[in-house]
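Here's the letter readout for the chains.
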Number of protein chains: 2
Amino acid sequence: MFANNSNYNVRPILYYDDINPHSRAVLMILNMLDVDIELRAVEMIKGEHLKPAYAKINPALTVPTMVHKDLIITGNAIFSYVCENNDNEKANQLIALKCYKRHCCVLSRLFFESQVLHRIHGHLMTDLVRKTIYQTDVDYHQKKVEHAYDVMEAYLSDSQFMAGSVLTAADISFVACLGALDMMFPIDGDRKRWEKLNDWYRRMRSLSIQKINEFGIEKQRQIVEYFAKFQFKSDIKRFTTGLRESQIPGFPSRPDRCSVSIQTVSGAEPTLDILSIKNNI
Amino acid sequence: MFANNSNYNVRPILYYDDINPHSRAVLMILNMLDVDIELRAVEMIKGEHLKPAYAKINPALTVPTMVHKDLIITGNAIFSYVCENNDNEKANQLIALKCYKRHCCVLSRLFFESQVLHRIHGHLMTDLVRKTIYQTDVDYHQKKVEHAYDVMEAYLSDSQFMAGSVLTAADISFVACLGALDMMFPIDGDRKRWEKLNDWYRRMRSLSIQKINEFGIEKQRQIVEYFAKFQFKSDIKRFTTGLRESQIPGFPSRPDRCSVSIQTVSGAEPTLDILSIKNNI
């Protein structure tokens, strides 16, 4: 699309936090496309994204943010940017640059994720962390989440993936968010109502990049359980790692917000180096 | 971008409701590009977007939805679709197809609108309509809205428009939402804090397409005031029309949700025919 990209040979920087679904989705895409990038962690639980240093980069204070030379890209626009910058077969498939219909479909799905799915996720997680499980209107949230599951089931009604017959950025974007919602409201709780969604999620979980997702979801689960004062109903065994016990005691009862500056943790994301995308999707 | 578009000569259909900012923004873009389209009204206040007939078209139940032959496009993806389908100078400017940096910037802004601005707007309006002004936490909403104003002020820190030096779809998208928020929390309430935003809004309001926006905002104001049991503080004179008195008595005290089928009102949007975009932007 943009042949004369002067930024092509400059290493981009990604400000991210893998407790955040958008960050996980971008990390998965970067891994699939084998993009060389500098990772800078922004610990949202410590309020680092609310600090003036981060606001200067991205005044909307959303995470992740990609900085590539003098360009600043935010939100799901990062998918388009990364794919257009890596003009190969895999990138073209992910954002469907060569197929008119699927490109429009992928964009529509990414805007659904931003406008609806991410909002449902954010509202639920914020309520759990701020109000604990006891003050959260779980029925309200369940209704919203189940509506989102119904929408995704409908998207799969006549195709194998969220935006057609092949895996795209829409699938990656959805699975990052769904993985967190599924902890609270497991989609296998109603295999008939969400039959295609269950099948899609099983296929998505078989991808090697899903390890990046699960690594972040596990962190997210620890944080939410700690502040919300409860344990998720979902398949705990799937997430149980040695990390859990050692990390939880580290959280103060009230996080010291905005107390830590943004630090470079380039190269500190081992999952990015050791994973490779399976070919059979 | 997509030269072989077989849908080019088929008239698209837009399901819309001009009480909804996304619909207003799309109507403004369509007017600017002089696109021939069939308009179908979806009365959200009557719950028409929640009916099975609409869910078959767009299971996410969001408004607007564009249907073009066998393509269904939703959310802010409609901007990209319409502009890419009208490959002329004005369309290229709006989505910045010929300029790498501004294209990424426009997309980032459109995702900010979906993820943050539209969410803040939706939450405020839903609370006002459902809870009335007396049960709405106005301070909470004011804080959120003012943050959005701060972000937009920052976007304008070194450029005349939201995504660079010329008007783009980002400006249209933002002004549709801002027009509604400004009723409740006028940006000229603090001309120093939002100096550039006030100047941008003044320029946006001088465009002839703003009449489409104001027509919808007026409807939105009537509905919200009626259900929220109060009058907005903003410049009421600007919005006072003969319509107001005659429409308010028409609303039942509790709207009969899902009782009306989707009806074609093609050609019933007079503002679309009589307006033309000014050249001096």
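In the nomenclature of an unreviewed UniProt entry, chain A corresponds to Glutathione S-transferase 2 from the organism Bactrocera dorsalis.

**What about the overall build of chain A?**
Along the backbone of chain A there are twelve helices and five strands. Residues classed as buried in chain A amount to 60% of the 281 residues present. Expressed as a percentage of contacts within chain A between residues at least 6 apart in sequence, the contacts between residues at least 24 apart total 74%. Summing over all exposed atoms, chain A offers an accessible surface of approximately 12,000 Å²; the carbon and sulfur share of this is 49%.

**Quick word on the relation of the copies chain A and chain B**
When chain A is fitted to chain B, the residual RMSD is 0.0 Å, and the transformation amounts to a turn of 180° plus an axial shift of 0.0 Å. Taken together, the turn and the small shift mark the pair as related by a two-fold rotation axis. Considering only C-alpha atoms, the residue of chain A closest to the rotation axis is Gln115 of chain A, which sits at 2.5 Å. Comparing interface residues between copies, 100% of those in chain A also lie at the interface in chain B; the contact surface is shared.

**Remarks on the interface of chain A and chain B**
Residue-level contacts link 42 residues of chain A with 42 residues of chain B. For the pairing of chain A and chain B, the buried interface totals around 3,700 Å² over both sides, and the portion due to carbon and sulfur atoms is 68%. Applying the counting criterion to the chain A and chain B interface returns zero salt bridges. Inspection of the region where chain A meets chain B yields two residue pairs in polar contact (both at pLDDT 80 or more). At the level of secondary structure, the elements contributing two or more residues to the side of chain A that touches chain B comprise β4 (71-74), α3 (77-85), α5 (100-135) and α6 (138-155) of chain A.

**Considerations on the pattern of salt bridges**
Inspection of every chain in the model, using the stated rule, returns 24 salt bridges over all chains. Among the ionic pairs, Asp127 of chain A bridges to Lys131 of chain A, the shortest N-O distance being 3.6 Å. Note that Asp127 of chain A and Lys131 of chain A are positioned in helix α5 at a spacing of four residues, about one turn of the helix. When the shortest N-O distance is used, the salt bridge between Arg202 of chain B and Asp199 of chain B registers 2.7 Å. Residue Arg202 of chain B and its partner Asp199 of chain B are both found in helix α8 (residues 195-205); the two are separated by three residues, about one turn of the helix. Given a relative accessible area of 29%, Asp199 of chain B falls into the partly exposed group. Linked through salt bridges whose partners overlap, the residues forming this network are Glu146, Asp150 and Arg193 of chain A.

**Digging into the packing of α5 of chain A against helix α5 (residues 100-135) of chain B**
Contact pair α5 of chain A / α5 of chain B: the axes reach a minimum separation of 9 Å and the direction vectors enclose 50°. By the angle between their directions, the pair α5 of chain A and α5 of chain B is classed as oblique. The handedness of the crossing between α5 of chain A and α5 of chain B is right-handed. Residues Leu110, Phe111, Ser114, Gln115, His118, Arg119, Gly122 and His123 of chain A of α5 of chain A touch α5 of chain B, and the partners they reach there are Leu110, Phe111, Ser114, Gln115, His118, Arg119, Gly122 and His123 of chain B.

**Structural notes on the packing of helix α7 (residues 169-184) of chain A against helix α8 (residues 195-205) of chain A**
Residue and element names in this part refer to chain A. For the pair α7 and α8, the least separation of the axes is 11 Å and the interaxial angle reads 105°. For the element pair α7 / α8, the angle class is roughly perpendicular. Facing α7, whose interface residues are Asp171, Ile172, Phe174, Val175, Leu178, Gly179 and Asp182, α8 presents Leu197, Trp200, Tyr201 and Met204.

**Things to note about the pairing of strand β3 (residues 65-68) of chain A**
All names here are of chain A. Along β3, one buried face is formed by Thr65 and Val67 and the opposite face, lined by Met66 and His68, is buried too. Sheet topology note: the strand β1 (residues 13-16)/β3 ladder contains three bridges and is antiparallel. By the bridge assignment, Tyr15 is partnered in β3 with Thr65. Relative to β4, β3 runs antiparallel, the two being bridged by four bridges. Looking across to β4, one finds that His68 is bridged to Leu71.

**Some remarks on the side chain of Arg109 of chain B**
All names here are of chain B. Counting through the fold element by element, Arg109 comes out in helix α5. In this structure Arg109 is buried but unpaired, with Asp158 as the nearest side chain of opposite charge at 7.0 Å. The contacts of Arg109, once residues within four sequence positions are left out, are Tyr155, Met162, Ala163, Ala170 and Phe174.

**Notes on α5 of chain B**
Maximum bend of α5 of chain B: about 80°, positioned at Val129 of chain B. A large share of α5 of chain B lies buried, amounting to 26 of its 36 residues.

**A short note on the packing of aromatic side chains**
For any pair of aromatic rings, the description consists of the separation of the ring centres together with the inter-plane angle of the planes. Counted by the stated rule, this structure contains 16 aromatic pairs over all chains. Between Phe111 of chain A and Phe111 of chain B the ring centres are 4.0 Å apart and the planes differ by 10°, which places this aromatic pair in the stacked class. One end of the pair, Phe111 of chain A, is in helix α5; the other, Phe111 of chain B, is in helix α5, on a second chain. This pair shows no difference in class: Phe111 of chain A is buried, exactly as Phe111 of chain B is. The interplanar angle of 25° and the centroid separation of 6.5 Å between the aromatic rings of Trp200 of chain A and Tyr201 of chain A together place this pair among those described as stacked. Taken individually, Trp200 of chain A and Tyr201 of chain A each receive the classification buried, so the pair is uniform in this respect. What links up through ring pairs into an aromatic cluster is the set Phe112, Tyr155 and Phe174 of chain A. Positioned over the ring face of Tyr201 of chain A is Arg205 of chain A, at 5.3 Å from the centre of the ring. Against the face of Tyr155 of chain B rests Arg109 of chain B, its NZ or CZ located 3.6 Å from the ring centre.

**A word on helix α3 (residues 77-85) of chain B**
Counting buried positions along α3 of chain B yields nine of nine residues, so the element is predominantly enclosed. What α3 of chain B keeps buried is the set Ala77, Ile78, Phe79, Ser80, Tyr81, Val82, Cys83, Glu84 and Asn85 of chain B.

**Some points on the side chain of Thr136 of chain B**
Residue and element names in this part refer to chain B. Looking at where Thr136 falls in the secondary structure, it is placed in the loop between α5 and α6 (138-155). Judged by relative accessible area, Thr136 falls into the buried class, the value being 8%. Excluding its chain neighbours within four sequence positions, the residues that come into contact with Thr136 are Asp127, Leu128, Lys131 and His141.

About the criteria used
- Each chain has its residues counted from 1, following the order in which its sequence is written.
- Chain letters start at A and ligand numbers start at 1, both assigned in the order the entries are written.
- Only residues with pLDDT of 70 or above have their local features reported here, since the model is predicted, and side-chain atom pairs are shown and tallied only from 80 upward, although totals for entire chains, interfaces and linings are computed over all residues.
- Heavy atoms from the whole structure form the basis of all side-chain values; hydrogens and water molecules are not counted.
- Helix numbering and strand numbering both begin at the N terminus, where a helix is a DSSP run of H or I of at least 4 residues and a strand a DSSP run of E of at least 2.
- Relative accessibility decides the category of a residue: with a 1.4 Å probe and only protein chains considered, values under 20% of the type maximum give buried, values over 50% give exposed, and everything between is partly exposed.
- Residues are treated as being in contact if the distance between any of their heavy atoms lies within 4.5 Å.
- Methods summary: accessible areas were calculated by the Shrake-Rupley approach with a probe of 1.4 Å, and residue burial reflects only the protein chains presented.
- A least-squares fit on C-alpha atoms brings the copies together, and the residues used are those whose pLDDT is at least 70 in both copies.
- Here the buried area means the combined drop in accessible surface, using a 1.4 Å probe, for two parts upon being joined, counting both sides.
- Any Lys or Arg side-chain nitrogen located within 4 Å of an Asp or Glu carboxyl oxygen qualifies as a salt bridge.
- Here a polar contact means two N or O atoms within 3.5 Å. Within protein one must be a hydrogen donor candidate and the other an acceptor candidate, and residues neighboring in sequence count only if both atoms are side-chain atoms.
- Geometry is summarised by axes, namely lines fitted to C-alpha atoms with helices restricted to the contacting stretch, and by angles between N-to-C directions that run from 0 to 180 degrees.
- In this scheme, roughly parallel covers angles under 35 degrees and roughly antiparallel covers those over 145, while 65 to 115 is roughly perpendicular and the rest are oblique.
- Should the near helix be turned counterclockwise from the far one by less than a right angle, the crossing is left-handed, whereas a clockwise turn marks it as right-handed.
- Should DSSP find at least two bridges between two strands, the strands are regarded as paired.
- Counting rule applied: Lys, Arg positive; Asp, Glu negative; His and chain ends not counted.
- Note that the bend at a residue is defined as the angle between axes fitted to the seven residues ending at it and the seven residues starting at it.
- Pairing of aromatic rings covers Phe, Tyr and Trp, the last counted by its six-membered ring, and requires centre-to-centre distances within 6.5 Å; plane angles under 30 degrees mean stacked, over 60 mean edge-to-face, and any other angle means tilted.
- As a reminder, the over-ring test applies to NZ of lysine and CZ of arginine, requiring each to be within 6 Å of the ring centre and within 35 degrees of the ring normal.

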